[in-house]
Amino acid sequence: MKLIIQIPCHNEAQTLPETLAALPRELRGVDLIEVLVVDDGSTDGTMEVARKLGVDHVVRLSSRGGLAQAFSTGLNESLRLGADLIVNTDGDNQYYGPDIEKLLDPILKGRAQMVVGARSIQDIEHFSRSKKLLQRLGSWAVRRISGTEVPDATSGFRAFSREAALRINVFSSYTYTLETIIQAGRCNISIESVPIRTNRPLRESRLIKSIPSYLRVSAWTMLRIFLLYKPLRLFGLLGGVLFAAGFLIGLRFVFFYFLGEGEGKIQSLILAAVLLIMGFQLGILGLVADLISTNRRILEEIQYRQRKQELDPLKS
């Protein structure tokens, strides 16, 4: 059983040594542990530091692609290197390295294919009140959309079985945390959470530059993923509301028309027609999007089988 611990990094030359020092080198149920650093276009010598500290594998992106791309690159490289288990952690030493054993336990026991480490958000002193509230709201929204029970959706400390990693696709260029949970829930990847510990902060967060911008990007990410997997539900709901409103306004016009007062209600008739047409069009759009979503799931299954066929022989 081979474990690869991947660490996406951007300018983490100062924090990486402490992060690497805390990683376990032996774990029950694991035969081999290797470390992979994905250097996301760093300019401070992160790659050189990683190699100097004896990291097993280093992948460097020629330019900064963002956290999501670095994570996805690490996942693909870990699969190529024959990993049976993959753990993702941050290069800023936010997460407590020895808790990797907790992350792997549900996978090794066959209870889950993906495990997310749940921080005790309320007990993290350097998190502001607004950030704690944001974390709770974001996790609640992800639970509702994904149908999972993940209490800390923004945690980057997580583990994947090989099967789960083969099925994961990241589309966002911002962050992978919300998207992969929603995707796991929609793709029937069994997911579990375990409580984990955190370390003192070594630097400020680079992901959350401002609360409004983070809310905007996170909301767009969740909406985009929901549209990918459940478009008919959203378009059907919007179309149904507009169609129902148009139908009721139309009934109102008919009522006044038979009372002989229809001449003064022409605006209602026009509005009813517009709403009915918009509702019908949204319904059709939902059906088309649902067909595209079905086709996409078929393509994802084909991609999964191709990746499995291409990568699994490399393990032997």
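Everything quoted here is computed from the prediction, not taken from an experiment.

Let us look at the pattern of salt bridges. Here the structure, examined in full by the defined rule, presents 15 salt bridges. Aspartate 152 serves as the salt-bridge partner of arginine 119, at 2.7 Å between the closest nitrogen and oxygen. Here arginine 119 is found in the loop between strand E5 (114–118) and helix H5 (129–146), whereas its partner aspartate 152 is found in the loop between H5 and strand E6 (158–161), with 33 residues between them in sequence. Residues lysine 308 and glutamate 163 are paired through a salt bridge, measuring 2.6 Å at the closest nitrogen-oxygen approach. Of this pair, lysine 308 sits in helix H10 (residues 266–311) while glutamate 163 is found in helix H6 (residues 162–167), placing the two residues 145 residues apart along the sequence. Each of Asp99, Lys102 and Arg197 takes part in one network of salt bridges that share partners.

What follows covers the packing of aromatic side chains. On inspection of all chains with the given rule, the structure shows three aromatic pairs. Judged by centre distance (5.9 Å) and plane angle (50 degrees), the ring pair of phenylalanine 71 and phenylalanine 160 falls under tilted. Placement of the pair is phenylalanine 71 in helix H3 (residues 67–80) and phenylalanine 160 in strand E6, with a sequence separation of 89 residues. What makes phenylalanine 71 buried here is its relative accessible area of 0%. Residue classification places phenylalanine 160 among the buried positions, given a relative accessible area of 0%. A ring pair is formed by tyrosine 95 and phenylalanine 157, whose centres lie 5.1 Å apart and whose planes are at 5 degrees; its orientation type is stacked.

To continue, consider the confidence of the model for the protein. Close reading of the predicted structure is inappropriate where its pLDDT is low. In this model, the protein carries an average pLDDT of 85, and 88% of its residues clear a pLDDT of 70 or more. For the protein, per-element mean pLDDT is lowest for helix H8 (residues 211–229), which scores 71, and highest for strand E4 (residues 85–88), which scores 97.

Mapped onto the elements, serine 293 comes out in helix H10. When the C-alpha positions of serine 293 and lysine 230 are compared, they lie 7.7 Å apart, and in sequence the two are 63 residues distant. Those residues in contact with serine 293 that sit more than four places away from it in its chain are Leu228, Tyr229 and Pro231.

Generally speaking, soluble globular proteins have nonpolar side chains that are buried together. Ranked by internal contacts, the top residues of the largest apolar core, which has 38 residues, are Leu75, Met114, Val142, Phe160, Ile181 and Met222. It is H3 that provides the largest number of residues to this core, a total of five residues. What isoleucine 181 contacts, discounting residues up to four positions off in sequence, is Met114, Val116, Val142, Ser146, Thr148, Val150, Ala153, Arg158 and Ile191. The next biggest cluster of nonpolar side chains, apart from the first, holds 27 residues, and it includes Ile5, Leu16, Ile107 and Ala112.

Glancing now at H3. For H3, spanning 14 residues, the distance from its first C-alpha to its last is 20 Å, which sits close to the expected 20 Å at 1.5 Å a residue. Within the span of H3, buried status applies to Ala68, Ala70, Phe71, Gly74, Leu75, Glu77, Ser78 and Leu79. Taken from the residues just after H3, glycine 82 is the one with a positive phi, measuring 90 degrees.

Between helix H9 (residues 231–258) and H10, whose axes approach to 7 Å, the crossing angle comes to 160 degrees. Considering their axes alone, H9 and H10 lie roughly antiparallel with respect to each other. The handedness of the crossing between H9 and H10 is left-handed. In the contact of H9 with H10, the residues fall into 22 nonpolar, seven polar and two charged.

We now examine unusual backbone geometry. Of note in this structure, asparagine 11 is not a glycine but carries a positive phi near 55 degrees. On the secondary structure map, asparagine 11 appears in the loop between strand E1 (2–9) and helix H1 (16–21). A relative accessible area of 22% means that asparagine 11 is categorised as partly exposed. Residues other than glycine seldom take positive phi values, yet asparagine 93 does so here, at roughly 65 degrees. Relative to the helices and strands, asparagine 93 resides in the loop between E4 and helix H4 (100–108).

Inspection of the secondary structure puts glutamate 77 in helix H3. With residues near it in sequence (within four places) discarded, glutamate 77 still touches Leu36 and Val59.

Next up on the list: the side chain of aspartate 92. Along the chain, the position of aspartate 92 falls in the loop between E4 and H4. Reaching out from aspartate 92, the side chain makes a polar contact with the backbone nitrogen of glutamine 94 at a distance of 3.1 Å.

Moving on: the pairing of E5. By the criterion of burial, E5 is predominantly enclosed, with five of the five residues buried. On E5, burial covers both faces: Met114, Val116 and Ala118 on one face and Val115 and Gly117 on the other are all buried. Relative to strand E7 (residues 191–195), E5 is paired through five bridges, and the arrangement is parallel. The residue bridging valine 116 from the neighbouring strand is serine 193, located in E7.

Taken together, the side chains of Leu232, Phe243, Phe247, Leu248, Leu251, Phe280, Ile284, Leu287, Val288 and Ile292 present a nonpolar region at the surface, about 950 Å² in accessible area. Residue placement: phenylalanine 243 occurs in helix H9. Phenylalanine 243 sits in the partly exposed class, given a relative accessible area of 39%.

Criteria and cut-off values
- Residues numbered from 1 in each chain as written.
- Predicted model: local features only at pLDDT ≥ 70, side-chain atom pairs only at ≥ 80, totals over all residues.
- Heavy atoms only, no water.
- Salt bridge = Lys/Arg side-chain N within 4 Å of Asp/Glu carboxyl O.
- Helix = DSSP H or I, 4+ residues; strand = E, 2+ residues; numbered from the N terminus.
- Phe/Tyr/Trp six-rings, centres within 6.5 Å; stacked < 30°, edge-to-face > 60°.
- Buried < 20%, exposed > 50% of the residue type's maximum accessible area, 1.4 Å probe, protein only.
- pLDDT = per-residue confidence, 0-100.
- Contact = heavy atoms within 4.5 Å.
- Core = buried A, V, L, I, M, F, W, Y, C linked by side-chain atoms within 4.5 Å.
- Expected span 1.5 Å × (residues − 1).
- Axes fitted to C-alpha atoms, helices over the stretch in contact; angles between N-to-C directions.
- Parallel < 35°, antiparallel > 145°, perpendicular 65-115°, else oblique.
- Left-handed = near helix turned anticlockwise from the far one by under 90°.
- Nonpolar A, V, L, I, M, F, W, Y, C, P; charged D, E, K, R; others polar.
- Polar contact = N/O pair within 3.5 Å; in protein donor to acceptor, adjacent residues only side chain to side chain.
- Pairing = 2+ DSSP bridges.
- Patch = residues over 30% accessible without salt bridge, like charges linked within 9 Å, V, L, I, M, F, W, Y side chains within 5 Å.
- Areas by Shrake-Rupley, 256 points an atom, 1.4 Å probe, with all protein chains shown as cover.

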